[in-house]
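# Survey of secondary and tertiary structure
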Amino acid sequence: MDPESLVQCPFDGSHRVRASRLPYHLVRCERNHPQLARSLATCPFNARHRVPQPELRRHVTECPDRRHGTAQRTPHVTPSPPAPPLTCAPPIVLCPPPIALCPPLICAPH
Ligand SMILES: [Zn+2]
Ligand SMILES: [Zn+2]
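## What about the overall build of the protein chain?
For the protein chain, the helix and strand inventory stands at five helices and four strands. Starting at the N terminus and walking to the C terminus, you meet the elements of the protein chain as β-β-α-α-β-β-α-α-α. Out of the 110 residues belonging to the protein chain, those deemed buried represent 8%. For the protein chain, the share of sequence-separated contacts (at least 6 apart) that also reach a separation of at least 24 residues comes to 23%.

Right, here's the structure in full:
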């Protein structure tokens, strides 16, 4: 989408906003229309798209961002790199377990 093209604010049909400014506008406008904001669904392909809940199904079939492979359905989590292979052996326990050093008579609670 042309970032300079004007798009209609989903909260107020009289608002025409530059596409590049829409995210900021939505944040502000959302506060002015909390009821409406709740009834709007966010497009899974583009978080800037707010459409009425009943129209979401239709929108996702027609969403212009659908074909660009910019699906935002999956959250942006960078997979954590695989843990480095263990190169060193676990520390060797040289000492016997403490219980062996401690005769039961001394250790026994009084
Ligand atoms: Zn607006
Ligand atoms: Zn969309």
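## Regarding the environment of R48
Here R48 shows up in the loop between β3 (40-42) and β4 (50-52). When the 18 C-beta atoms within 10 Å are taken as the criterion, R48 is described as partly exposed. Once the C-alpha coordinates of R48 and H25 are considered, the two residues, 23 residues apart in sequence, prove to be 10.0 Å apart.

## Notes on the confidence of the model for the protein chain
This prediction gives the protein chain a mean pLDDT of 79; 65% of its residues lie at or above 70. Ranking the elements of the protein chain by mean pLDDT puts helix α4 (residues 98-101) last, at 58, and strand β2 (residues 16-18) first, at 95.

## Describing the environment of Q53
Within the secondary structure, Q53 is located in helix α3 (residues 53-62). The exposure class assigned to Q53 is exposed, which follows from the 10 C-beta atoms found within 10 Å. Those residues in contact with Q53 that sit more than four places away from it in its chain are S39 and A41.

Criteria and thresholds
Residues numbered from 1 in each chain as written. Chains lettered and ligands numbered in written order. Predicted model: local features only at pLDDT ≥ 70, side-chain atom pairs only at ≥ 80, totals over all residues. Helix = DSSP H or I, 4+ residues; strand = E, 2+ residues; numbered from the N terminus. Buried ≥ 20, exposed ≤ 12 C-beta atoms within 10 Å, placed from the backbone. Contact = placed C-beta atoms within 7 Å. pLDDT = per-residue confidence, 0-100.

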